[in-house]
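Reading the structure
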Amino acid sequence: MTETYRELHRPQFHFSARKNWINDPNGLVFQDGTWHLYFQHNPKSTVWGNMTWGHAVSDDLIHWKQLDHAMYPDEHGTMFSGSAVIDHENTAGFGAGAIVFLYTAAGRHVDPTREFTQCLAWSTDNGTTLTKYEGNPVLEWIEGDNRDPKVSWHEASGKWIMPLYLADDRYSLYGSKDLKSWSHLQDLRLEGDRECPDFFPLKDESGEERWVFWGANGFYQVGRFDGTEFMAETPVLACENGRNGYAAQTWSNVPDGRCIQISWMAGGHFPEMPFNHQMSIPVTLELVGSGRDVLLRRWPVREVKSLRVREVRLASTTIEPGSPIVPDTAAKLMDVSFTVKRGDRQALIVNIRGQALTFNWDKDEMRFAAGQAPGMVKGRKSTQLPDGDLLDVRLLIDRTSVEVFLNGGEVSASYCFLPSA
Ligand code: FRU
């Protein structure tokens, strides 16, 4: 048997569980030098089910250590997605600095007569032991399979804010002073999206605080939030343009003010592996522009650089059709950067271990591995290329994934693949 973490299709610089199924990142929080990554996990099998919170920690967002599972199914339900905050002011009464978790108990999955409710857990030992609140649930069932609470703090109104997914493309915002009693603020829609909301503040380029409302597919709207009502000021925009980036969540309590996000790479294939699925590389989100002309830029965290062991530089050159450039390296794990000038060419094709990443200017699209069966996520087969004659490209290539960042991250896309032998 292959040694754990050395298996054929094991991602090398992306998080995957020691064994069995994972999906969404959950409870992302930083405390006392530790980045916590809880995650949706089936501890019993490589397919979805028995939802339990797995747990991993890191001190650099890149090297992860998996710890004991953090929350198991109980009488309220199986443990669906949720989030975590640090309660600095002890608003909930578990102690100043307690980590407070809000998550969904998927009632129907333990008892057909039970609904989905929102529950609370807390930890006072830096996320090692999660104690479920005896007064659970803190938010009763509203409709359908309502789920995925993601809490953040709204400074100006001094309250906690929680978006919740309802059904179709509908969500609600809730507010609370103590994380235990929640009142309804607003109903919202995010066209084309569903599940796993995130709602977080970011400064735009004019220095103004804006709020981003985000869904599992990686669509979002930027707007203003006064503590009661979110007013979208942009159309629905796409940040994640790939077919495999899903259910992203941002970390809370990040020490240096960065907005850091990680997503589940849904729809990968890991045949004969003891584990199933991987996370994305953590990325920093920033707002470019201001007013209505504003968008998110998504870029790998700077810590990724610590993984580089060798640099291969290519001189600037003209690529002639039929004469590909072949970098002088046998490395399979790469952080590739280049700028390409289109000139009068139709397309540029990058061959990544037998899979074609095509920048097709004639069709105004980027497409990865067109021949491969798409994963479960999103119908999107291609994405529009940014305007201009010059295109900046960065690729993070691991054994079973490629993440594409164009023009400094103004367009990004995550893809899973199964390398050819
Ligand atoms: C998204 C999702 C969430 C849910 C979780 C269950 O991938 O469907 O809405 O909480 O997965 O595992």
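Before any of the text, the structure's been laid out above.
Below: a short report on this structure. Since this is a predicted model, take the numbers as computed values, not measurements. (Residues numbered from 1 in each chain as written. Predicted model: local features only at pLDDT ≥ 70, side-chain atom pairs only at ≥ 80, totals over all residues. Heavy atoms only, no water.)

Most of strand β10 (residues 159-167) sits inside the fold, with nine of its nine residues counted as buried. The sheet contact formed by strand β9 (residues 152-154) and β10 spans three bridges and is antiparallel. Residue pairing for β10: Trp153 is matched across the bridge by Trp160. The sheet contact formed by β10 and strand β11 (residues 170-176) spans seven bridges and is antiparallel. By the bridge assignment, Ala167 is partnered in β11 with Arg170. Where β10 hands over to β11, the hairpin turn is made up of two residues, of which Asp168 adopts a positive phi near 50°. (Buried < 20%, exposed > 50% of the residue type's maximum accessible area, 1.4 Å probe, protein only. Helix = DSSP H or I, 4+ residues; strand = E, 2+ residues; numbered from the N terminus. Pairing = 2+ DSSP bridges.)

It is worth spelling out unusual backbone geometry at this point. Residue Pro137 is bonded to the preceding Asn136 through a cis peptide linkage, with omega at -5°. Along the chain, Pro137 turns up in the loop between β8 (131-132) and β9. The phi dihedral of Cys196 is positive, around 30°, even though this residue is not glycine. Mapped onto the fold, Cys196 is located in the loop between β12 (183-189) and β13 (198-203). Since its relative accessible area comes to 8%, Cys196 is described here as buried.

The next point concerns a nonpolar patch on the surface. Together, Val312, Leu314, Ile319 and Ile325 make up an exposed nonpolar region whose accessible area comes to about 300 Å². The topology assignment puts Ile325 in the loop between β23 (293-300) and β24 (334-341). (Patch = residues over 30% accessible without salt bridge, like charges linked within 9 Å, V, L, I, M, F, W, Y side chains within 5 Å. Areas by Shrake-Rupley, 256 points an atom, 1.4 Å probe, with all protein chains shown as cover. Salt bridge = Lys/Arg side-chain N within 4 Å of Asp/Glu carboxyl O.)

An order of β4-β3-β2-β1-β20 is seen for the five strands of this open sheet, with the pairing classed as mixed. At either margin of the open sheet sits one strand with a lone partner, and together these are β4 (65-71) and β20 (275-276). Here strand β1 (residues 20-31) pairs with β20 via two bridges, running parallel. When the bridges of β20 are listed, Asn20 appears paired with Phe275.

Here we come to the site of the ligand. Around the ligand sit 13 residues, and of these Asp24, Gln40, Arg147, Asp148 and Glu195 come closest. Here Asp24 contributes a side-chain N or O atom positioned 2.7 Å from an oxygen atom of the ligand. At 3.1 Å from an oxygen atom of the ligand is found a main-chain nitrogen or oxygen belonging to Ser81. The protein chains hide 92% of the 320 Å² of surface that the ligand would expose on its own. (Near = heavy atom within 4 Å. Polar contact = N/O pair within 3.5 Å; in protein donor to acceptor, adjacent residues only side chain to side chain.)

Moving on, we get to the sheet that holds strand β27 (residues 365-368). Strand order in this open sheet of four strands is β25-β26-β27-β28, and the pairing throughout is antiparallel. Strands with a single pairing partner mark the edges of an open sheet, and in this sheet they are β25 (347-352) and β28 (382-384). Going across the sheet, the axis of each strand differs from the next one's by a mean of 15°, ignoring polarity. As paired elements, strand β26 (residues 355-360) and β27 share four bridges and run antiparallel to each other. Counterpart to Thr358 in the pairing with β27 is Arg367. (Axes fitted to C-alpha atoms, helices over the stretch in contact; angles between N-to-C directions.)

We now examine the nonpolar core. Trp251 and Leu296 are the most contacted members of the largest nonpolar core, which has 48 residues in total. For this core, the element with the most residues is β1, which contributes four residues. Setting aside anything within four residues of it in sequence, one finds Trp251 in contact with Leu28, Val29, Phe30, Trp35, His36, Leu61, Trp64, Ile260, Gln261, Ile262 and Pro282. If you look at the next biggest cluster of nonpolar residues, it comprises 22 residues, including Ile352, Leu385, Val411 and Tyr415. (Core = buried A, V, L, I, M, F, W, Y, C linked by side-chain atoms within 4.5 Å. Contact = heavy atoms within 4.5 Å.)

Among the secondary structure elements, Thr52 is positioned in strand β3 (residues 52-58). Classification of Thr52 by relative accessible area gives buried; the value is 1%. In this structure the side chain of Thr52 is engaged in a polar contact, spanning 2.8 Å, whose partner is the backbone oxygen of Asn50. When residues no more than four places from it in sequence are discounted, the contact partners of Thr52 are Phe39, Gln40, His41, Pro43, His69, Met71, Tyr72, Pro73 and Met79.

Turning our attention to the side chain of Thr34. Along the chain, the position of Thr34 falls in strand β2 (residues 34-42). Given the relative accessible area of 18%, Thr34 is considered buried.

Inspection of the secondary structure assignment puts Tyr72 in the loop between β4 and β5 (78-87). Taking the C-alpha atoms as reference points, Tyr72 and Asn90, 18 residues apart in sequence, are found 26 Å from one another. Once residues within four sequence positions are removed from consideration, Tyr72 is found in contact with Thr52, Met79 and Lys132.

Tallied over the full model, the rule gives 29 aromatic pairs. Ring centres of Phe199 and Phe230 lie 5.4 Å apart, and the angle between their planes is 90°; this geometry places the pair in the edge-to-face category. Of this pair, Phe199 sits in strand β13 while Phe230 sits in strand β16 (residues 230-232); the two residues are 31 residues apart in sequence, bridging distant segments of the chain. Three or more aromatic residues joined by ring pairs make a cluster, and in this case those are Tyr165, Tyr171, Phe199, Trp211, Phe213, Phe225 and Phe230. The ring of Phe94 has Lys180 sitting right over it, with the charged end atom 4.9 Å from the ring centre. (Phe/Tyr/Trp six-rings, centres within 6.5 Å; stacked < 30°, edge-to-face > 60°. Lys NZ or Arg CZ within 6 Å of the ring centre and 35° of its normal.)

The values are spatial; any link to function lies outside them.
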